[in-house]
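# Chains, contacts and geometry: an overview
For reference, the chains in residue letters:
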Amino acid sequence: MTASIGKPVPVPTEIDRPYWDALREHRVVLSRCVSCGWYSQRRKMLCQECHGEEFTWAEISGRGTIYSFTRVHQTWVTAFQDDTPYVLVSVALEEQPSLVLVTNLLGDYDFESLELGLPVIADFEPRGNEIILQFRLAGGTDVQ
Amino acid sequence: MFSKDNPVAIVGVGHSQIGRRLTRPLGLLAKDAVLAAIADAGITIDDVDGAATFPQFPEGPRDGTQFVSVAWLVNSLGFENVTWWAETQSGNVSTAIEQAAHALALNRCNYAVVWRAMSFVAGGSYQATHSALEAPDSSAFTLPYGKSASIAEFAPAYMRYMKLYGARREHLATLAVAQRKGANLNPNAYFRNTPLTADEYMNARMIADPMCLYDCDIPVDGVAAIVMTRADRAKDLPHPPAYVSGLGQAGIPKGIEPRSISGLGSGIGPRMFEQMQHTAKTIGKSLWSTSGLRPSDVDAAMLYDGWGPDVYFWLEGLGFCGEGEAFEFIQKGRIDIDGEFPINTHGGNLSEGRLHGMGHWVEAALQVQGRAGRRQIKKADNVAVVSGLMNLGSGAILSKSPH
Ligand SMILES: [Zn+2]
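Being a predicted model, the structure only gives us computed values, none of them experimental. (Residues numbered from 1 in each chain as written. Chains lettered and ligands numbered in written order. Predicted model: local features only at pLDDT ≥ 70, side-chain atom pairs only at ≥ 80, totals over all residues. Heavy atoms only, no water.)

### With respect to the interface of chain A and chain B
What counts is decided by this rule: Throughout, a residue-residue contact means that at least one pair of heavy atoms, one from each residue, lies within 4.5 Å. Computed with a 1.4 Å rolling probe, the buried area is the accessible surface lost when two parts are put together, summed over both parts. In the sections that follow, a salt bridge refers to a side-chain nitrogen of Lys or Arg positioned within 4 Å of a carboxyl oxygen of Asp or Glu. We call two N or O atoms a polar contact when they sit within 3.5 Å, provided that within protein one can donate a hydrogen and the other can accept it, with sequence-adjacent residues counted only if both atoms are side-chain atoms. Each helix is a run of H or I in the DSSP string that is no shorter than four residues. Each strand is a run of E no shorter than two, and both are numbered from the N terminus. Residue polarity follows a fixed list, in which Ala, Val, Leu, Ile, Met, Phe, Trp, Tyr, Cys and Pro are nonpolar, Asp, Glu, Lys and Arg are charged, and the others, Gly among them, are polar. Strand pairing is defined by DSSP finding a minimum of two bridges between the two strands.
At the junction of the two partners, chain A supplies 45 residues and chain B supplies 43 residues. When the two sides are added together, the surface that chain A and chain B hide from each other amounts to roughly 3,600 Å², 58% of it contributed by carbon and sulfur. Asp209 of chain B is the salt-bridge partner of Arg71 of chain A, the closest N and O atoms lying 2.9 Å from each other. The tally of links from chain A across to chain B stands at 25 residue pairs in polar contact (both at pLDDT 80 or more). Among the elements of the structure, strand 1 (9-11), helix 1 (17-24), strand 5 (63-72), strand 6 (86-93), strand 7 (100-106) and strand 9 (130-137) of chain A are those that each provide at least two residues to the side of chain A that touches chain B. When residues in the side of chain A that touches chain B are grouped by element, the largest group, six residues, is from strand 5 of chain A. When the residues that make up the side of chain A that touches chain B are grouped by side-chain class, the tally is 22 nonpolar, 15 polar and eight charged. Both strand 1 of chain A and strand 5 (residues 134-136) of chain B contribute to a ladder of three bridges, which runs parallel.

### Quick notes on the sheet that holds strand 3 (residues 39-40) of chain A
Whenever strands of a sheet pair, they do so through backbone hydrogen bonds, lying parallel or antiparallel. Residue and element names in this part refer to chain A. This is how the line gets drawn: Here, axes are lines fitted to C-alpha atoms. For helices the fit covers the stretch in contact, and angles between N-to-C directions go from 0 to 180 degrees.
Spatial ordering of the open sheet is given by 3-2-4, a layout of three strands whose pairing is antiparallel. In this open sheet, the two strands that pair with only one neighbour each are strand 3 and strand 4 (55-59). As defined by bridge partners, strand 2 (residues 29-33) adjoins strand 4 across five bridges and the pair is classed as antiparallel. Paired with Arg32 across the bridge in strand 4 is Thr56. Along the sheet, helix 1 contacts strand 2 and strand 4; its crossing angle with strand 2, the most-contacted strand, is approximately 140°.

### Some details on the coordination of the zinc ion
Residue and element names in this part refer to chain A. We apply this condition: Because no water is among the atoms considered, metal sites can look incomplete, with donors defined as N, O and S atoms within 2.8 Å of the metal, or 3.2 Å for Na, K and Ca. Irregular is the default label, applied whenever a site is not tetrahedral (four donors, all angles between 85 and 135 degrees) and neither square planar nor octahedral (four or six donors, opposite donors over 155 degrees apart, all other angles between 65 and 115).
Protein ligation of the zinc ion involves Cys33 (SG), Cys36 (SG), Cys47 (SG) and Cys50 (SG), the donor distances falling in the range 2.2 to 2.3 Å. Each of the four donor atoms bound to the zinc ion contributes to angles spanning 99 to 116°, and the resulting shape is tetrahedral. Taken in sequence order, the residues that donate to the zinc ion follow the motif C-x2-C-x10-C-x2-C. Of this pair, Cys33 sits in strand 2 while Cys50 is found in the loop between strand 3 and strand 4, placing the two residues 17 residues apart along the sequence.

### Re the nonpolar core
Residues and elements named next belong to chain B. As a reminder of what qualifies: The nonpolar core is taken to be a set of buried Ala, Val, Leu, Ile, Met, Phe, Trp, Tyr and Cys residues, with the residues joined through side-chain atoms within 4.5 Å. Three exposure classes are used, based on accessible area relative to the maximum for each residue type with a 1.4 Å probe and protein chains only: buried under 20%, partly exposed in between, and exposed over 50%.
Among the nonpolar cores identified, the biggest contains 62 residues, and Ile151, Leu303, Tyr312, Trp314, Leu315, Phe320 and Ile343 are the most heavily contacted of them. Ignoring any residue separated from it by four or fewer positions in sequence, one finds Ile343 in contact with Leu175, Ala301, Leu303, Val311, Leu315, Ile330 and Ile335. Grouped together as the second largest cluster of nonpolar side chains are 46 residues, Val93, Ile97, Ala380 and Val383 included.

### Some points on the pairing of strand 8 (residues 119-127) of chain A
Residue and element names in this part refer to chain A. In terms of residue burial, strand 8 counts as a mostly covered element, since seven of its nine residues are buried. With eight bridges connecting them, strand 8 and strand 9 associate as antiparallel partners. Note that in strand 9 the partner of Pro126 across the bridge is Ile131.

### Details of the domain arrangement of chain A
Residue and element names in this part refer to chain A. What counts is decided by this rule: Domains are outlined according to an automatic or database domain assignment.
The domain boundaries assigned to chain A delineate domain 1 (13-60) and domain 2 (62-144). Taking the mean C-alpha position of each, domain 1 and domain 2 sit 21 Å from one another. Each partner contributes residues to the interface: domain 1 has 15 residues there, and domain 2 has 13 residues. With both sides pooled, the region where domain 1 packs onto domain 2 buries about 1,200 Å², and carbon together with sulfur makes up 64% of that total. Between Glu130 and Arg24 there is a salt bridge, with the nearest N and O atoms lying 3.0 Å from each other. Applying the counting rule to domain 1 against domain 2 returns five residue pairs in polar contact (both at pLDDT 80 or more). Taken together, the residues that form the side of domain 1 that touches domain 2 break down as eight nonpolar, four polar and three charged.

Take a look at the structure:
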């Protein structure tokens, strides 16, 4: 998962712009309800917890745990055909475990050793003019 | 039970040919299945006054060749007496069947025909191929990671299940093999002549861990149809009625990205595990409350299997076993045709072919009617049938007698 040339490049919508701008600074920010603090990856029309309609962008720790994962052997994304098998990880965020984000899992590890609940930490991968959020195992494992 | 005074029942079923890359157009396959169901029910096209389907997916937009709308079929077959019809906008044909049951119960029609027409897509896969190097809008959160197909949401759900409860792949081999045995006894099944062993399952190529080829349904061209009416009319028809004694529809969970069938894999929503649990639980809650039955009253179940592990979620959510117990529940012959709780005796989506749940409804009716031939189970007083998953779909309990 090192080559970024030829891989799909995010084309952010205007409303998502703060999320992508922060990634360029290696920070993870999420949309957050002003009245109750509920997070979402993208800005919502209303908060499901309190029905609030006002949101801000708030930085999070980038820490989370593995909610689930898979290793893709057959892909329908053309640019990934030479990369199979590759891993997708679902990460439950420390600040709000009900919010689960999906990325690749960077670094060197044995797929068979992956387990639910393993701690992960945000990482950042250049992709075109943007930087995409990634995760890698936290603590002890090799960082590429 | 649902509609106690004059219960609704399935009274006839019909299949078209099922195959891959059939030359007969989808509209004619629909004609075959619907006319077969009408003939099976012992009625005429003039009797038909209700019609429903779920017309979307897997591809469009050509009515009659890529999908079959109510208007196309009613017009083409010349049903002149239709007073009620519906096309469910989201989900599964099961919700069209549920709506037909309600329309019959309210006397809005007397004989409803419901069908599901599925085409085998030209490219061979339901999943769109993404070749663009730009990932706009919500795809900015998926395609840059190589996440696209629906299996990228279902495989992690199954992985979570295995890790939480200790299930292994060989447990699910039991399901695939049992369903294939049913398909081998089903003259309509795509895999009617092809056996499957547990070894073949274990050695199958992986699609997305832990899902292998035989955990995926088999896309086909094919149509299945049913005819429904009420007890007062059913008594004059040739076959015993399969009464709809319970009905339920999937609820929509709070706080989980809503999924549409066309948006599968392209959105963010990674919590399919909980979404499937919620769907099965909410359908189950309504099934038991509308029927007055309990899971222990049910003799067999036809459970939608777009992916093999779906069956775990249904068994647990509907209450046939406890959470985390389904993978052991299906072992030791329990789900075989001669077992104590047969499942998907027709082969299901995995082995009969992907009729998108309609095959399950046809089989549930045939079992309750005692017409399943070599697949007939010993006791079929009450059979559960559910199709859908995610936040969509409906189910029923079909019963030999009105409770
Ligand atoms: Zn709020």
